[in-house]
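Fold and geometry: a report
If you want the building blocks of each chain, they are given just below.
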Amino acid sequence: MGDVLAGFHAAWEFESDSVVIRYERGIRTPRLFQALGERRVPLEAIEGVTLTPGRRGTVVLRAELRPGADPLLEAAAGQLKESSDPYRLVLPAERETLAEYYADGLRGQLTESGPAERHLVAAPEAPRQFKAYDAKAAFDGTAVSFRWFWTGASSAKWKAGDQRFPIGELSGVEWRSPEVFEGHLRLLRRDAGAPPGQADQDPAAVVFGLGYGPVHESLPFAAAVLAAVRDCAPVPAMSTARARRDPADIAERIRHLGELHQAGLVTDEEFASKKAELLAEL
């Protein structure tokens, strides 16, 4: 057993070759943390440690992972809210000196940096399943299946029928957070052409909606699938990157985002951030 540093919602145990993060189960703990339960992070997966002031008399200790080291972060692609970052440990400000002590000790043990050639943090285990707006998605460790709901699936999906995708036929996943508009989970196939622009028309995708495909269910699912794809047949990291979008599609989504902003459903900060993200896809 190593030293333990406990904060709000989680405790970090420092071992000789890893940091074990154990998340609390409580009404105020983010549901993603509760779903993860525990994560063992090898030191070779970490390239930096920061300690910064937090809100309302707190400090934040954060482990910065190497790109590609964690399938969960890779699937999230920077879309997680700060409060749902599994590598942030929030502590009372009076524990800053103790936190700095552990941060310095951890920094002294780090020797790796830059993109990782393989996943170093274990993915959430299969089997996994969740309900999207238009289908029930299931992953048994070898294949992903979509079973359409007549109340939500498009005619294109009904025409295609229920789907099953063996892991060996996939090159990656595309996860769009259900906490923003047009959230979805899309499977990227090795031999298929460019996917349809809209996820609701793509039989290799399920779309999210209010109460459907929540982060704590759909993101671990995506991470588990991504890890299995890599284990089955490693492919270049760029294979799971989001494809560049058609400018007309981007313009339409920005227009829709502007309507949400004008209606007061999106804040100024969220509007500016999402607009910049969309423009970066061009």
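None of these values were measured; they are calculated from a predicted model. All residue numbers refer to positions counted from 1 along the written sequence of the respective chain. A pLDDT threshold of at least 70 governs which residues receive local features in this predicted model, and a stricter bar of 80 or more applies before side-chain atom pairs are shown or counted, although totals over entire chains, interfaces and linings include all residues. Derived side-chain values reflect all non-hydrogen atoms in the structure, with water molecules and hydrogen atoms excluded from consideration.

Broken down by element type, the protein chain carries 7 helices and 14 strands. Buried residues are those whose accessible area, probed at 1.4 Å on protein chains only, stays under 20% of the maximum for their type, while exposed residues exceed 50% and partly exposed ones sit between those limits. Here the protein chain holds 282 residues, and the buried ones make up 47% of them. Sequence-distant contacts in the protein chain: of pairs separated by 6 or more residues, those separated by 24 or more amount to 59%. In the form shown here, the protein chain has an accessible surface area of approximately 14,700 Å², with 51% of it arising from carbon and sulfur atoms. Strands here are runs of E lasting at least two residues and helices are runs of H or I lasting at least four, both read from the DSSP assignment and numbered beginning at the N terminus. Residue contacts follow a heavy-atom distance rule, with two residues in contact if any of their heavy atoms lie within 4.5 Å. Only the protein chains shown count as covering a residue, and every accessible area follows the Shrake-Rupley method with a 1.4 Å probe.

A word on the confidence of the model for the protein chain. Confidence in the prediction for the protein chain averages 89 pLDDT; 89% of positions are at 70 or higher. Per-element mean pLDDT across the protein chain ranges from 70 in helix 6 (residues 247-262) up to 98 in strand 9 (residues 135-139). The predictor attaches a confidence to each residue, and that confidence, scored 0 to 100, is pLDDT. Taken as a whole, residues 234-243 scores under 50 in pLDDT and shows 19 contacts with residues more than four places along the chain or in a different chain.

Let us look at the sheet that holds strand 10 (residues 143-148). Adjacent strands of a sheet form backbone hydrogen bonds with each other and so pair up, either parallel or antiparallel. The sheet built from 4 strands is open, its strands ordered 8-9-10-11 with antiparallel pairing. Taken across any chain shown, the strands that pair with only one partner, and hence form the sheet edges, are strand 8 (128-131) and strand 11 (163-166). For this sheet, the mean angle separating the axes of adjacent strands, direction not counted, is 10°. At least two bridges found by DSSP between two strands are what make those strands a pair. As paired strands, strand 8 and strand 9 are joined by 4 bridges and run antiparallel to one another. Counted as the bridge partner of Phe130 is Ala137 from strand 9. To obtain an axis, a line is fitted to C-alpha atoms, over the contacting stretch when the element is a helix, and the angle between two such axes runs from 0 to 180 degrees between their N-to-C directions.

A separate point is helix 7 (residues 268-280). To estimate how far a helix should reach, multiply one less than its number of residues by 1.5 Å. Taking 1.5 Å of rise per residue, 13 residues should cover 18 Å, and helix 7 covers 18 Å from first to last C-alpha, within 8% of that figure. When we look at burial in helix 7, the residues that qualify are Phe271, Lys274 and Leu278. In a view along the axis of helix 7, the buried residues occupy a sector of 80°, so they form one face of it. Exposed residues lying more than 90 degrees from the buried face of helix 7 are Asp268, Glu269 and Ala280. It is the directions from the helix axis to the C-beta atoms whose arc is reported.

Our next topic: the nonpolar core. By nonpolar core is meant a set of buried Ala, Val, Leu, Ile, Met, Phe, Trp, Tyr and Cys residues that side-chain atoms within 4.5 Å join together. In this structure, Ile46, Leu61, Phe146, Leu185, Val206, Leu219 and Val225 are the most contacted members of the largest nonpolar core, which totals 65 residues. Examining the composition of this core, we find that 10 residues originate from one element, helix 5 (residues 215-232), more than from any other. The residues contacting Val206, other than those within four sequence positions of it, are Phe130, Ala132, Asp134, Ala135, Phe146, Trp148, Lys157, His184 and Leu185.

The next subject is the pairing of strand 5 (residues 46-53). The pairing of strand 5 with strand 6 (residues 58-65) spans 7 bridges and is classified as antiparallel. For Ile46, the partnering residue across the bridge sits in strand 6 and is Leu65. Counting the residues that bridge the hairpin from strand 5 to strand 6 gives 4 residues, and of these Arg56 lies at a positive phi of roughly 50°.

Take the pattern of salt bridges next. Here, a salt bridge means any Lys or Arg side-chain nitrogen found within 4 Å of an Asp or Glu carboxyl oxygen. Tallied over the full model, the rule gives 13 salt bridges. Of the charged contacts in the structure, one is a salt bridge between Arg186 and Asp202, with a shortest N-O distance of 2.7 Å. Residue Arg186 is located in strand 13 (residues 184-189), and its partner Asp202 is located in the loop between strand 13 and strand 14 (205-207); the two are separated by 16 residues in the primary sequence. Asp202 shares its class with Arg186; the two are buried. The network of salt bridges with common partners includes Glu13, Arg22 and Glu38.

Let us look at the sheet that holds strand 1 (residues 3-6). Spatially, 1-2-3-4 is the arrangement adopted by the 4 strands of the open sheet, whose pairing is antiparallel. Two strands in the sheet have a free side with no partner beyond their single neighbour: strand 1 and strand 4 (38-42). Taking the axes of each pair of neighbouring strands and ignoring which way they run, one obtains an average angle of 20° across the sheet. As paired elements, strand 3 (residues 18-23) and strand 4 share 5 bridges and run antiparallel to each other. Considered in strand 4, the bridge of Arg22 is made with Glu38.

Among the structural elements, Arg28 can be located in the loop between strand 3 and helix 1 (31-36). Considered as a pair, Arg28 and Phe8 are 20 residues apart in the sequence and their alpha carbons are 9.5 Å apart.

Mapped onto the secondary structure, Thr29 falls in the loop between strand 3 and helix 1. Once you skip the residues sitting within four places of it in the chain, Thr29 turns out to touch His9, Glu24 and Gln34.

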